[in-house]
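These are the residues of each chain, in order.
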Amino acid sequence: IVGAMFLYNMSLRTGAMDVIKAMLASVSNDKRVAALVIGWGFSNFMEGIAGFGTAVAIPAAMLVALGFNPVTACVICLIGNAASPEFGAIGTPTLSAANTAFPTTITGAADASVFAQMLSEPTARLLIPLCVVSPFVIILLCGGTKALKGVVGITLVSALSFVIPFYLVATFVGPELCVVIGSLVCLVCTIVMGRKHTNIPEEYMLESKEEEAASSDKPQMSMVKAWLPYILVVIFLLGTSKLVPPINQFLGQFKSSFVIYCGEGGAKVGLSWINTPGILMIIATIIGTAVQGASISDMGAELGKTFKGYWKAMLTVIFIISIAKVMGYAGMVMDLANALSSLLGNAYIAIAPLIGGIGCFVTGSATSASVMFATLQQSVAQQLGINEIWLVAANGAGATAGKMISPQSIALGVAAINLPGSDGKIMSKTIGWCVLYLVILCVFCFVGA
């Protein structure tokens with residue numbers, strides 16, 4: 001959480017985010033293309049890098065500045081963000097679920113990152129239908145079925161250019177970068193096609209544009225310099241992953257293992273001091289923003305503001321993990337699993353994603369939902385005799401759909417579009433899509449199991 005939000009806050013402080021916004025806003029005068037670039041590609045990029053509401057708040061404000069109806073702008077971003085939260089903030093929810101449900105089980109590995117990679121592929125597989133459908137839903141929100149005319153090709157490219165690298169990275173690298181790389185490829189492909197798209201019906205012409213970077217009082221920086229911290233994040237995370245064994249093994253030796261709970265079933269806790277996403281993001285931020293002109297005092301001030309602004313979110317995750325651990329060690333999770341498996345039998349498989357969706361709706365966080373119910377899903381899978389990874393993955397996939405109707409997500413969107421009291425309108429426009437997404441996930445989960 002600290003690494004992700006420190007990077008975002010420093011991008012605001014240096015003016016890099018203004019440059020990025022201006023670049024995205026200048027792609028096309030077609031509101032449908034703008035919705036794909038900002039509400040789909042950029043929204044997922046912000047989710048992959050930072051998470052915690054930035055993927056809704058920032059793109060929604062940008063769309064309103066371009067002339068979109070505020071409620072529509074917020075709904076577009078909620079829908080566009082509905083396929084990636086389980087891999088948000090450099091894979092935090094999936095990593096947390098793996099650490100909670102599979103600390104040392106299944107293969108006997110001592111490192112939960114093994115299970116995170118095992119969990120990454122089936123979660124991404126379950127989310128493929130939502131990744132393909134979401135860009136088309138975004139176009140429908142721009143003007144109904146007639147809005148598809150003339151942009152079906154761009155929309156399909158936007159969907160596939162995200163989902164293909166997303167799935168490949170999730171399968172062969174792990175959860176940390178699948179959304180980041182998928183969204184970057186998607187942005188490049190959609191921008192290239194969007195610049196070539198010139199036959200724009202008058203009804204879809206953007207009413208206004210706001211070149212935020214032009215109005216900034218900071219000197220303008222180059223595009224490469226503006227993107228540099230994010231480029232470094234990708235380089236550092238890939239360069240220290242298992243794709244580069246010498247570096248991965250060297251940095252992996254700087255870790256500590258200790259025991260918190262000494263009772264039956266207690267597992268060792270492993271803490272990596274360098275080779276962990278948060279630390280690598282902080283290093284990338286320091287180097288990248290130093291090149292952008294930030295001083296040490298600027299970085300110190302923003303790091304302090306990050307802790308101050310997000311300590312409640314951090315405490316929430318800590319306490320939810322504590323509750324999940326206590327419930328597991330006390331036998332409560334196993335009792336719930338026994339009851340559910342006895343009551344529903346194999347029919348439970350069909351509602352496994354719904355459990356994750358409810359968890360995210362209640363907590364407002366895919367991380368919290370994954371931690372809260374990962375062990376329950378694992379225990380039910382054991383009772384039913386099916387693959388444990390599959391049900392834990394289904395829980396995470398369901399959490400992504402539940403995020404679009406989470407009161408916390410909607411509240412952040414309402415704040416971004418500056419339209420107090422519009423929560424109910426936004427909820428009414430998203431709940432139907434949420435139900436559809438959960439039904440799709442439940443069917444795929446049952447068939448896949």
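The coordinates are above.
Described in the following lines is the structure provided in the data block. All of these numbers come straight from a predicted model, not from anything done at the bench.

Comment: phi is negative for the bulk of residues other than glycine, and the bulk of peptide bonds are trans. For Ala89, which is not a glycine, the phi torsion comes out positive at approximately 50 degrees. Within the element layout of this structure, Ala89 appears in helix H6 (residues 88-101). Its identity is not glycine, yet Ile90 carries a phi of approximately 55 degrees, on the positive side. Looking at the element boundaries, Ile90 is found in helix H6.

A cluster of nonpolar side chains, namely Phe250, Phe254, Phe258, Ile260, Tyr261, Leu271 and Trp273, defines an oily patch on the protein surface of about 710 Å² accessible area. Checked against the element boundaries, Trp273 lands in the loop between strand S2 (268-272) and helix H13 (277-291).

What follows deals with the nonpolar core. The biggest cluster of nonpolar side chains holds 125 residues, and the ones touching the most others in it are Leu24, Phe42, Ile49, Phe68, Phe166 and Leu391. Those residues in contact with Phe42, other than ones at most four positions away along the chain, are Met17, Ile20, Leu24, Val37, Ile58, Pro59, Met62 and Leu187.

In this description, a pair of aromatic rings is defined by centroid distance and the angle of the planes. Scanning the model with the defined rule gives 8 aromatic pairs in all. Ring centres 6.3 Å apart and planes at 25 degrees place the aromatic pair Phe42 and Phe45 in the stacked group. With Phe42 and Phe45 both in helix H3 (residues 31-49) and 3 residues apart, the pair spans about one turn of that helix. Here Phe42 matches Phe45 in class, with each residue buried. Judged by centre distance (5.2 Å) and plane angle (15 degrees), the rings of Phe162 and Phe166 are stacked. Residue Phe162 and its partner Phe166 are both found in helix H8 (residues 152-172); the two are separated by 4 residues, about one turn of the helix. Among the aromatic residues, those joined into a ring-pair cluster are Trp40, Phe87, Phe162 and Phe166. The cationic tip of Lys31 hangs over the ring face of Phe68; the distance from NZ or CZ to the ring centre is 5.2 Å.

The rules behind each value
- Residues numbered from 1 in each chain as written.
- Predicted model: local features only at pLDDT ≥ 70, side-chain atom pairs only at ≥ 80, totals over all residues.
- Heavy atoms only, no water.
- Helix = DSSP H or I, 4+ residues; strand = E, 2+ residues; numbered from the N terminus.
- Patch = residues over 30% accessible without salt bridge, like charges linked within 9 Å, V, L, I, M, F, W, Y side chains within 5 Å.
- Areas by Shrake-Rupley, 256 points an atom, 1.4 Å probe, with all protein chains shown as cover.
- Salt bridge = Lys/Arg side-chain N within 4 Å of Asp/Glu carboxyl O.
- Core = buried A, V, L, I, M, F, W, Y, C linked by side-chain atoms within 4.5 Å.
- Buried < 20%, exposed > 50% of the residue type's maximum accessible area, 1.4 Å probe, protein only.
- Contact = heavy atoms within 4.5 Å.
- Phe/Tyr/Trp six-rings, centres within 6.5 Å; stacked < 30°, edge-to-face > 60°.
- Lys NZ or Arg CZ within 6 Å of the ring centre and 35° of its normal.

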